[in-house]
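Chain residues, written in single-letter form:
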Amino acid sequence: MRLPRRPRLLLPVAITLVVIVALFFLFAGIFTDYLWYESVDYASVFSGVIVTQILLFVVGALLMIGIVGGNMLMAYRMRPMFGPGMFGGASGADRYRMALDPHRKLIFLIGVAVLGLFAGSSFSGQWKTWLEFINATPFGETDPQFGYDISFFMFTYPFIRMVLNFLFVAVVLSALLSAIVHYLYGGFRLQSPGVHASRGARAHLSVLLGIFVLLKAVAYWYDRYGLVFSDRGFRHGASYTDVNAVLPAKNILAIIALICAVLFFAGVVRSGGMLPGVGFGLLVLSAILIGGVYPALVEQFQVKPNQQGKEQEYIKRNIDATRKAYGVDDAEVIDYTAQGDPSKVSVTADSSISGVRLLDPSLVAKTYQQKQRIRGYYDFHEPLDVDRYPDADGTIRDTVVAVRELTGPPAEQNNWINRHLVYTHGNGFVAAPGNEVDSEGLPNFDAKDMPVTGSLVERTKLKESRIYFGEAPASTQYVVVGGGGEKQQELDYPESGGTGQKNTTYDGKGGVPVGSFINRMLYAAKYGEINLLLSGDINANSKILYERNPQARIAKAAPFLSLDDNPYPAIVDGRVVWISDAYTTSNAYPYSQSKSLEAMTRDTVTDPRLVVPQPRDQINYMRNSVKAVVDAYDGTVSLYAWDEKDPILQTWRKAFPGIIKPQTEMSPDLKQHLRYPEALFKVQRDVLSQYHISDPNAFYSGQDFWNVPNDPSGDHDTKQPPYYLSVKMPKTSAPSFSLTTTFVPRQGPNLAAFMAVDANPGPDYGKLRILRMPSNTTIPGPGQVQNNFQNKFSGELNLLGLGQAKVRYGNLLTLPFADGLVYVEPVYVEIAAASGQEPYPILRRVLVAYGNKVGSADTLKGALEQVFGDGTQSTPQGENTSGEAKPEEAKPTTELAKSIDEVQKAYDKAQKALQANPPDWTEYGTAQQELEKALGKLKDTAETTGVTPSPSPSATPSATPSGTPAPSATPSPPPSS
């Protein structure tokens, strides 16, 4: 049945329109990408990647079409001249041939086009492998087995495997599709007895199978080099079995494969399937016996009974390669007794501990939000960041910093204009010294408010505080800016007078102009938003800002780098910038232990939702090769070479010349804010938990392996994060900004080691120092210290947590001090300030431990004096080490217990009134008054007696049921600096 004329004419028109629309959207996506790269001056990356992908696509597609299509055409031309029935009788293939033959050209063209599309796409996806291969930089080091430069395994070997895999696929597809063509056109028949094939079909398929086996011989030869990545042995890298059984087997198999290839080629000139059959059987048998059974026998009967001795040399190779690949080969291990005598320490003479950071960036984020959010549509990214800034006298202090970012318009005003044209940016840099709080226990902000003010702002000469590029979820959306002119419509910050808001218009150099109709149409297609084309608020001066998250921005500008998941803001040369650490990673360093990057960096402060997808998760090589900077106002991306000796970085600098600036172009102000990266340090501490051992026999036994302890103040099932703080290491003259962590033994909670890396750019930057504790002495680990704190001071901490108040433990910091180790932990009380307001933490206590002595006070100074003092006062007031009450304390303790009992009775009375049906509100009000009096009496008793109680759980009021009133917390004297 034929279609009417008009529908037959409309059909090709409709198909043409669909194709045109699809091509337009494809063009819109590609061209807007180009405009973005051009706006950030990285057009060479776009062109370099696109050109490479196009070339690889064309090469891959043409090769696949040429190999597979050529063999199919050859099979067709070799069809029997006497027709498909030359072997007698019709077959099922005749029906298929008769149905397909009239359309064979169209089917062939469509088939090879689809095949070329998939092959080209797959090949173009390997652009990084190709660029690393043609720009390979030697490492200047050789592997211990083959004596090849490391660059062969890092850059050349992956490319060879890529080519071999492509050729294997092409030959297999050629053989399968050629066999189908031969079958359809009578080249062979599957009939009893056996297979009947024409001479041409037999010769053609024999050649293809011979080429496949020849490729297998080449693959066997290059498989030898892949043994340096083997996971067969005790550790990654070629093991005893690999070197003494698998390696010879690969050589033998390569020779056998060559012989088998010759047997298959012999099928071209000799009829019958005997020679190919012999070749196939020999290939399979040798692969099983020589490639599989023989190495398994060696492993089972030679290695496993004597693994330590057999693998010793190869374990040593793994140790050396792993330490070098992860950059820990120069880590210094120092034996440290940690047996300091607090009675001989003067905290006034050695003030290195008095400036320790008390603000926990993970906890005080809520405090920053409550005190500095200003409006509900602003927020601070959690956790906050730690940097360092000079104070008024020039002393560098650890500082907890954040920027006030925009979350988007309020829900009731969440329309397209507000979302993309009005609420365009955040505003303000907020900072507070990490070692002090104000009189209320809150951060002592020296950069705050909108417009931003404070002493830090004056010292850093901050000129631009608007945040158009940041980490907030709103940064994933585009905004259109800069088109206001005199009609300023971008919300800058709220103000009390006039309209209630101060407006502005973006005048930065960042963004893509969208004044032209063409650009507006392209972006309307890209985002599927017609308002971009029709809005009268977009004019000739307008720009569109997108890819505004700093990590996504860097990842797009330099797609060959891996990124740290925690960029941090800093004031550099009068502007707010985001600083991020970028890495070169690989999983192709010979003999190095391969590990999961995500697993090594996961801890209590890692948010997996924020991690930029990495090119590869399994790695065995890592370098912090690049420091990346993104301007928070105009989005400028600057990449600086940091580890300029890294061969992978040098390779990419050859591939994309000019985009990574030399380190010498960094401004001095920028260098002052660089720090050792967290992700690299987490990876290195994971590696050093085992690879601090360099002796292969000790490594095999694993008795001195360590673990990273679980976070005692947070999630007890997740690793404790490393902490940035200023530390004075043994044999150093002054504290240095460092990144620190602790280790515990594989079995047991005791402290095994303390590790710090100098995080401040300078001569010692990146120097890893490990203080190893003596194995014959018990040094308390973080978990034990936390338990000790909670046991010793449960009384006063329970008082802090009465009612709706909640006690929150801050980061438990460990520092070497006076030949020992001191633990410092801030304690916060989280209280809701007003109805409907989220609770936020206030610093109320500082806990200190040194050896077997502990102290608790409102200030760090007070806690240190309790522990060290003058050598005579070493325990907190009201406690002694014997565990028995002093006679003079008996009466105060009784009075305090009586006061606590009165609090409990009043609280229970209130709860009983609430639980009545219906609630007895009169009785509840009376109980509340009694509770208030009892709390006041308890506070007076505690202050008068000076005794810190440790009541049993039953003496402490329980939490208030959700949605019911509760007694307010007893305020405690807040800490000061």
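Right above here is the structure, for reference.
Small disclaimer: the values here were computed from a predicted structure and weren't measured.

Conventions used here
- Residues numbered from 1 in each chain as written.
- Predicted model: local features only at pLDDT ≥ 70, side-chain atom pairs only at ≥ 80, totals over all residues.
- Heavy atoms only, no water.
- Helix = DSSP H or I, 4+ residues; strand = E, 2+ residues; numbered from the N terminus.
- Polar contact = N/O pair within 3.5 Å; in protein donor to acceptor, adjacent residues only side chain to side chain.
- 1 Å grid on protein atoms, 1.4 Å probe; cavity = no way out; pocket = protein on both sides within 12 Å on 5 of 7 lines; lining within 4 Å.
- Points joined across faces, edges and corners; volume = space filled by probe spheres on them.
- Salt bridge = Lys/Arg side-chain N within 4 Å of Asp/Glu carboxyl O.
- Buried < 20%, exposed > 50% of the residue type's maximum accessible area, 1.4 Å probe, protein only.
- Pairing = 2+ DSSP bridges.
- Axes fitted to C-alpha atoms, helices over the stretch in contact; angles between N-to-C directions.
- Contact = heavy atoms within 4.5 Å.
- Patch = residues over 30% accessible without salt bridge, like charges linked within 9 Å, V, L, I, M, F, W, Y side chains within 5 Å.
- Areas by Shrake-Rupley, 256 points an atom, 1.4 Å probe, with all protein chains shown as cover.
- Phe/Tyr/Trp six-rings, centres within 6.5 Å; stacked < 30°, edge-to-face > 60°.
- Expected span 1.5 Å × (residues − 1).
- Bend = angle between axes of the 7 residues up to and from the residue.
- Core = buried A, V, L, I, M, F, W, Y, C linked by side-chain atoms within 4.5 Å.

1. Overview of the side chain of E830
Mapped onto the elements, E830 comes out in strand β31 (residues 820-831). Of note is the side chain of E830, whose polar atom sits 2.9 Å from the side chain of R808.

2. Some details on the layout of surface pockets
If you add up the space inside the largest pocket, you get close to 870 Å³. Among the elements that take part in the lining of the largest pocket, strand β21 (residues 621-631) stands out by supplying 4 residues, more than any other.

3. As for the pattern of salt bridges
Evaluation of the coordinates by the stated rule reveals 29 salt bridges. For R685, the salt bridge is made with D603, and the minimal N-O distance between the two is 3.7 Å. Note that R685 is positioned in helix α20 (residues 678-691) and D603 in the loop between α17 (597-601) and β20 (618-619), a separation of 82 residues in sequence. When the shortest N-O distance is used, the salt bridge between R769 and D764 registers 4.0 Å. Overall, the relative accessible area of 13% leaves R769 in the buried class. Judged by its relative accessible area of 40%, D764 is partly exposed. One network of salt bridges, with partners in common, ties together D33, E547 and K556.

4. Description of the sheet that holds strand β5 (residues 385-390)
On the basis of which strands lie adjacent, the open sheet formed by 3 strands has the order β5-β6-β9 and antiparallel pairing. Looking at strand neighbours, the two that pair on one side only are β5 and β9 (429-433), the edges of this open sheet. Between one strand axis and the next, the sheet turns by 40 degrees as a mean value, whatever way the strands run. As defined by bridge partners, strand β6 (residues 396-403) adjoins β9 across 5 bridges and the pair is classed as antiparallel. Residue pairing in the sheet places V400 in a bridge with A432 of β9. Against the sheet, helix α11 (residues 365-372) makes contact with β6 and β9, and its axis sits at roughly 125 degrees relative to β9, the strand it touches most.

5. Here we look at a nonpolar patch on the surface
The grouping of F280, V284, L285, I288, L289, V293, L297 and F301 at the surface amounts to a nonpolar patch, some 770 Å² of accessible area in total. As for its placement among the helices and strands, F301 is situated in helix α9 (residues 274-303).

6. Structural notes on the sheet that holds strand β11 (residues 479-481)
The sheet built from 3 strands is open, its strands ordered β11-β15-β14 with antiparallel pairing. Both outer strands of the open sheet, β11 and β14 (512-513), are each paired with one neighbouring strand and no more. Bridge count for β11 against strand β15 (residues 543-545) is 3 bridges, and the pairing is antiparallel. Looking at the pairing, V479 lines up with L545 of β15.

7. Details of the pairing of β9
Most of β9 is tucked away, with 5 of its 5 residues classed as buried. Burial along β9 is two-sided: the face carrying F429, A431 and P433 and the face carrying V430 and A432 are both buried.

8. What about the packing of aromatic side chains?
In total, this model carries 51 aromatic pairs according to the counting rule given. Between F133 and F159 the ring centres are 4.0 Å apart and the planes differ by 10 degrees, which places this aromatic pair in the stacked class. Here the residue F133 occupies a position in helix α5 (residues 127-134), and F159 occupies one in helix α6 (residues 150-184), the gap between them amounting to 26 residues. Centroid distance F168 to F212: 5.3 Å. Interplanar angle 65 degrees. Geometry classified as edge-to-face. One end of the pair, F168, is in helix α6; the other, F212, is in helix α7 (residues 199-226), and 44 residues separate them in sequence. A connected cluster of aromatic rings, assembled from ring pairs, spans F146, Y148, F152, F153, Y157, Y222, Y225 and F229.

9. Overview of the environment of F656
Within the element layout of this structure, F656 appears in the loop between α18 (647-655) and β23 (660-661). In this structure F656 comes out as buried when scored by relative accessible area, which is 3%. Expressed as a C-alpha distance, the spacing of F656 and A558, which sit 98 residues apart in the sequence, is 9.5 Å. Once residues lying within four places of it in the same chain are set aside, the contact partners of F656 are S44, V45, G48, V49, W127, L131 and F560.

10. Looking at α9
Helix length check: α9, at 30 residues, gives a terminal C-alpha distance of 40 Å against a target of 44 Å (1.5 Å per residue), a fit within 8%. The sharpest bend along α9 comes to roughly 30 degrees, located at V293, with the proline P295 sitting one to four residues further on. Residues of α9 that are buried include every one of L275, P276, G279, L283, S286, P295, V298, E299 and V303, and no others. Residues of α9 that are buried in the fold lie against α7, α8 (240-266) and α10 (307-325).

11. Observations concerning the nonpolar core
Y42, M154, F429, L639 and F656 are the most contacted members of the largest nonpolar core, which has 150 residues in total. Of all the elements, α6 adds the most residues to this core, at 16 residues. Counting 62 residues, the second largest nonpolar core, distinct from the first, contains A402, V437, L771 and V785.

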